[in-house]
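Given next are the chains, with one letter for each unit.
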Amino acid sequence: MADWITGRVKARKQWSDTLFSLVVDADVEPFKAGQFTKLAWHGEDKKVARAYSYVNPPGQDCEFYLVTIPEGQLTPYLAGLEVGDELLVQRTAAGFLTLDEVPPGRDLWLMATGTGVGPFVSILAEGHCWQQFDNIVLVHGVRLGEELSYREQIIALTQGQPRFHYVPFVSRETVAGAEPGRITHAIADGSLEQRVGLTLTPEHSRVLLCGNPQMVRDTVTELKHKGLAKHLRRKPGQILMENYW
C-alpha cells in the first residue's frame, strides 16, 4: 500500500510553454540519486498518480522536472500549481537507475532526452560519481534550445571536473554549443565518440538511459551494435534504463 503524504510547492520555474519544475517541501523517506517517486492529486472519485524522478540530490528539497501533456490527467493540474499549493507525494522512492546498480567501469555515459535529464542532474549533484568513474559524459537531446533546462546548473555542478563532457543535442534549430540532430545518429556515425574523445566499448563504458521510450529503444539498438548489452541482475551488462514512462 503506497504511503502518501501532503507536500507544498515551495518554488516553481517555467522553462518553456510546456516544461516546468516544481520544488516541493515534503517529508519523504531517504532515497538514492537517480530514483523516482510519484506525484498525485485526489479528485472526487479517484486518485491520479504518475512517476517523476527526483532532480535534487538526497537531503535537499524535493524537485521535479515535468512536461505538460494537454490531454493528460495529471500534468495540467501540476502545471497550474503555484507557490503554497498542496499536492500528494509518495513518501518512498523506487527505481534502479542508481550508481550502486552500475557494474564497475571506467566511463559513465548518461544519455537523456527531454525531462529524462532529471535523474542525471541528481546523480551529478550528489557527487559520488566523481569517485566511481574516470570519465563522465552527459548527453541531453531536445527539440529546441529553450528546452535545454538545467544547462547552467549542470555547468556549475561540473566546474573543476576536467574529465566531464556535456554534450547537448538540439534537433530542430541551430544552437551555439549544441550538436545538431539526434543522439542515436551521433552514436551510429561515431561523431559522439569523436566529440568527447572516448570510445563506447563493453570493457570501459557504462550507459544509463532515460527519456522518450523510442529514443531508449533506438539507443539500445545502436549500443548493441557496438557490443554493449543490457544489464540484468543475473546477466551483467553495460546498459541500464528506467521504464516508468
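Scroll up for the structure.
The next subject is the sheet that holds strand S6 (residues 86–90). Spatially, S4-S3-S6-S1-S2-S5 is the arrangement adopted by the 6 strands of the open sheet, whose pairing is antiparallel. Both outer strands of the open sheet, strand S4 (47–53) and strand S5 (62–67), are each paired with one neighbouring strand and no more. Adjacent strand axes in the sheet meet at a mean angle of 40°, parallel and antiparallel pairs treated alike. Pairing of strand S3 (residues 36–42) with S4, which is carried by 7 bridges, proceeds in the antiparallel orientation. The partner of histidine 42 across the bridge, within S4, is lysine 47.

Here the focus is helix H2 (residues 118–126). Within H2, 7 of the 9 residues are buried, leaving the element largely enclosed by the surrounding structure. Taken together, the buried positions of H2 are occupied by Gly118, Pro119, Phe120, Val121, Ser122, Ile123 and Leu124. Positive phi shows up at glycine 127, right after H2, with a value of about 95°.

Once that is clear, we can look at the sheet that holds strand S9 (residues 164–170). With parallel pairing, 6 strands are arranged side by side in an open sheet as S10-S9-S8-S7-S11-S12. The open sheet has two edge strands with one neighbour each: strand S10 (179–180) and strand S12 (239–241). Where strand S7 (residues 107–113) meets strand S8 (residues 135–142), 7 bridges bridge the pair, whose relative direction is parallel. Along S8, the bridge assignment pairs leucine 108 with isoleucine 136. Contacts between H2 and the sheet are confined to S7, S8, S9 and strand S11 (205–210), with S11 contributing the most and set at about 130° to the helix.

What counts and what doesn't
Residues numbered from 1 in each chain as written. Predicted model: local features only at pLDDT ≥ 70, side-chain atom pairs only at ≥ 80, totals over all residues. Heavy atoms only, no water. Pairing = 2+ DSSP bridges. Helix = DSSP H or I, 4+ residues; strand = E, 2+ residues; numbered from the N terminus. Axes fitted to C-alpha atoms, helices over the stretch in contact; angles between N-to-C directions. Buried < 20%, exposed > 50% of the residue type's maximum accessible area, 1.4 Å probe, protein only. Contact = heavy atoms within 4.5 Å.

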